[in-house]
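Architecture and fold: a report
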Amino acid sequence: MTTDISHGLSATSASVSSKVNAGEITVSNVSKSYGAGLFTKEVIKDCSFTIECNKLTVMIGPSGCGKSTLIRLLAGFEKPTTGDIKLGGKPITGPGRDRLVVFQESALFPWMTTYENIMYGPRARGEDTQENRDQADYLLEKVGLTAFRKKYPPQLSGGMQRRAELARAMINNPEVMILDEPFRGLDCMSKELMWEYYAGLYEESRRTNFFVTTDIDEAIFLADRLLIMSNVPGQVRATIEVDLPRPRRLAFVFDSERANAVKMEALSLLHEEAMKSFTGGSKAAADFVEAYSRRSSKAEAG
Amino acid sequence: MDQLVTLLKRAMPFQMVPDDTLKAIAGLAKYESHAQGDVIYHIGDYADDIYIVSSGSVQHTLGIGTQATHLDKTMRSGDVFGWAAVLENQRSRLAKTVCLERTELIRINGEDLINLFKASPALGDVVMSRFATMINKEFTLPEAVAAQVPHFTQAQATMATMATGLTLTMFRVSQWLKSPKPYLMLIGFSILLGIWYFTVEVWKLPRFEDMPGLTVVVKELFSKDPTYGLSLYTPEYYQHVWVSLRRIGIAFFLATILGVPLGLFLGWSKTFREYVFPVFETLRPIPILAWVPLAILMFSGSETPVIYLTFLASFFATALNTMLGVETIDESYSRAASCLGASKWQTFREVIVPGAMPFIFTGLQISIGVAWFSLVAGEMVSGQFGLGYVINTSYTMVRYPTIVIGMVTLGAVGYTTSAMVRMAGDYMMQWRVRELALGGR
Ligand SMILES: Nc1ncnc2c1ncn2[C@@H]1O[C@H](COP(=O)(O)OP(=O)(O)OP(=O)(O)O)[C@@H](O)[C@H]1O
Ligand SMILES: [Mg+2]
């Protein structure tokens, strides 16, 4: 059993070291295809990687490379065609309370207030305790939504909804938290704010986190480890350890040489992948190639 | 002036306020300067103004009775106190404030401030909710005190925080009266009545001359001694309305308590749907009138067949819409619920049911409409009393004005019942009311 039953986000380093591997996810030789016969589409092919314990692993890859498919496999809503996925040594057979997945599509319940949404997890499990309610208040404060606790999701701005969603996931204090592009569609300003919120929450809890994104800056700012996906059929092409010090601050991270080195390395890998699908005629890849050349010339100039 | 705006911007309640409104607020502000040891106000003093510290510091000591966790607090530049002046039902000071050094303050009359926000209620609500947060979190007072900040209920944007079914309806009515709609509607009705009046009574067009004229019907309806025995002054009139309403009530009630669960299960469980849906879809398209003979054979008396027919039509509409409602719920909601640890049954109760609610109420609107339709059909064929019966017998007994009285009554009563269903829906789905109010509808 896990030793960490305290619901505070203040997991100490002692409790971290005492639960080695409990939250580690190993994905080995996983393939996933949809359709049958001639129409088979292989989305993920022979993909292997590890999501290490108590680290923030970020996966980045071109759009459509099978990231969300992988998330559905990790969540247990779908099964791999071949290969297996294990959490703490035990195979994943279905959705479970040990993993908390925040899917790409926003899913705050519109019929519940912000507070009720955040308390949904504890309530569903029959843990509507004072401790959890305090925790909800704390998280509301932390994500800056205290004044909006009694509002319904449609009354919140997009960024507030994302923050509420984060809080709704964090309160369950899951062994593993899996997030699929949680900050998609936000403007730069709120995105950067969200990164700091999220990094702050992570730094307090140091739980195992798996974060999927298509944004390289986001990836580098957040990651302990960075997994770079290949084009479809998806595979992990490279792993980069991002050893920037924590707590991270935006200005600081993007001025550091190390961050820029990591960024250039990741971009050149992604660039290769994008070129592959560009020659295959993908419009998204063309955009990416263009954006890339702009960025790298900027990086060289600066 | 600019200095004032910068100061206001630093004050917690005004942080979200745009510059031009800040300028308006700054226009209300008065500047004053105090020496060390000056008492700005005592507990129980009349609370008229709020204060913002510009420079210096002020000791703020809440009274014991306020149940604050921390009574003492030092106010520094940018801090706001004296907020009792914006609370509702609170006209006296809750704290004593003493200047700890030479201090410069600005004061703003609480009432003026609230009046200022009446023009932009949405913003007012934001500011007031920040006041509430501040009172609760920074001054550690119980939420009950914080909750006394005013809400700007009358306005559209604040529907979002306050709307209940009733206030929303009242709001809609007042908005409606302000729009050109009622007058266009009056014109529409006048045209209809005009055509009726002229074709029947003035021009006496062929085939129209047998029809009851407008004046005849109106006179009959309001006559204390009606020629054909039915008017607003005869008890029979109300008896017919009551009988029809009772039948509708029973049938609609049964259709709802059976149709909604059926629809929910049809939408939720694939297996259940495979058993039941084909049967359902075979029976549903059969017109209600085709059921009349069987209904009379199946049920004795005149009351039950009519209720049965009414029920049937309602039931199909309700169940089908509920099922569609369940099908349209985004799967990501159920996925989110199960990730958060909800069981299958919990997901059903807490996601499927509320998620389908908007469709259920659309279904109930349709259901009440078809209920009236089949009620009249049923009453015309079998049954005694009821508005359908009135219309049918008046035809056979050549009491033509009474036919129209029956029809008009059906229109009015039918409209009222569907309005009631809509209000019930608004009341039960306040999250949706707020969503719509926000969408400006
Ligand atoms: N249920 C399915 N049936 C058939 N094909 C599917 C299915 N789900 C996903 N795919 C295909 O798998 C590929 C990868 O989809 P996926 O949603 O995993 O991409 P992604 O990496 O998350 O992209 P994005 O970054 O745009 O969200 C797409 O080409 C998609 O068409
Ligand atoms: Mg995706």
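Residues numbered from 1 in each chain as written. Chains lettered and ligands numbered in written order. Predicted model: local features only at pLDDT ≥ 70, side-chain atom pairs only at ≥ 80, totals over all residues. Heavy atoms only, no water.

This next bit is on the site of ligand 1. Residue and element names in this part refer to chain A. Taken together, 14 residues sit near ligand 1, with Ser63, Gly64, Lys67, Ser68 and Thr69 positioned nearest. Note that an oxygen atom of ligand 1 is positioned 2.5 Å from one of the side-chain N or O atoms of Thr69. One of the side-chain nitrogen or oxygen atoms of Glu181 is found 2.9 Å away from an oxygen atom of ligand 1. Calculation on ligand 1 without its partners gives an accessible area of 640 Å², and the protein chains cover 65% of this total. (Near = heavy atom within 4 Å. Polar contact = N/O pair within 3.5 Å; in protein donor to acceptor, adjacent residues only side chain to side chain. Areas by Shrake-Rupley, 256 points an atom, 1.4 Å probe, with all protein chains shown as cover.)

What follows concerns the coordination of the magnesium ion (ligand 2). Coordination of the magnesium ion (ligand 2) by the protein is provided by A:Ser68 (OG) and A:Gln104 (OE1), with metal-donor distances spanning 1.9 to 2.2 Å. With A:Ser68 in helix H2 (residues 67–75) and A:Gln104 in the loop between strand S6 (99–102) and helix H3 (114–118), this pair connects stretches of sequence that are 36 residues apart. (Donors = N, O, S within 2.8 Å, 3.2 Å for Na, K, Ca; no water. Helix = DSSP H or I, 4+ residues; strand = E, 2+ residues; numbered from the N terminus.)

Counting residues in hydrophobic clusters, the biggest one holds 105 residues, and the most contacted among them are A:Phe109, A:Tyr120, A:Leu222 and A:Leu226. Per-element tally for this core: the top contributor is helix H15 (residues 344–381) of chain B, with 13 residues. If sequence neighbours within four positions are ignored, A:Tyr120 has contacts with A:Phe109, A:Met112, B:Ala337, B:Leu340, B:Ala342, B:Gln346, B:Glu350 and B:Val351. In this structure, B:Ile52, B:Met75, B:Leu94 and B:Val149 belong to the second largest nonpolar core, which totals 49 residues. (Core = buried A, V, L, I, M, F, W, Y, C linked by side-chain atoms within 4.5 Å. Buried < 20%, exposed > 50% of the residue type's maximum accessible area, 1.4 Å probe, protein only. Contact = heavy atoms within 4.5 Å.)

On to the confidence of the model for chain B, then. All names here are of chain B. Within chain B, residue pLDDT values average 86, and 95% of them lie at 70 or more. Predicted confidence in chain B is weakest over helix H6 (residues 159–162), with a mean pLDDT of 44, and strongest over helix H10 (residues 235–268), with 95. Within the model, the stretch residues 155–162 combines pLDDT values under 50 with 28 contacts to residues more than four positions away or in other chains. (pLDDT = per-residue confidence, 0-100.)

Further remarks concern the interface of chain A and chain B. Counting from both sides, the interface comprises 32 residues of chain A and, opposite them, 24 residues of chain B. Summing the contributions of chain A and of chain B, the shared interface buries around 2500 Å²; its carbon and sulfur component is 66%. Counting the surface chain A buries against chain B, the share from its top three residues, A:Trp111, A:Tyr120 and A:Gln155, is 25%. Counting the contacts that link chain A with chain B gives 0 salt bridges. Our count for the contact surface shared by chain A and chain B stands at 4 residue pairs in polar contact (both at pLDDT 80 or more). Where the side of chain A that touches chain B is concerned, the elements lending two or more residues are S6 and helix H4 (120–124) of chain A. In terms of residue count, H4(A) provides more of the side of chain A that touches chain B than any other element does, 4 residues in total. Classifying every residue of the side of chain A that touches chain B gives 16 nonpolar, 6 polar and 10 charged. (Buried area = accessible area lost by both parts, 1.4 Å probe. Salt bridge = Lys/Arg side-chain N within 4 Å of Asp/Glu carboxyl O. Nonpolar A, V, L, I, M, F, W, Y, C, P; charged D, E, K, R; others polar.)

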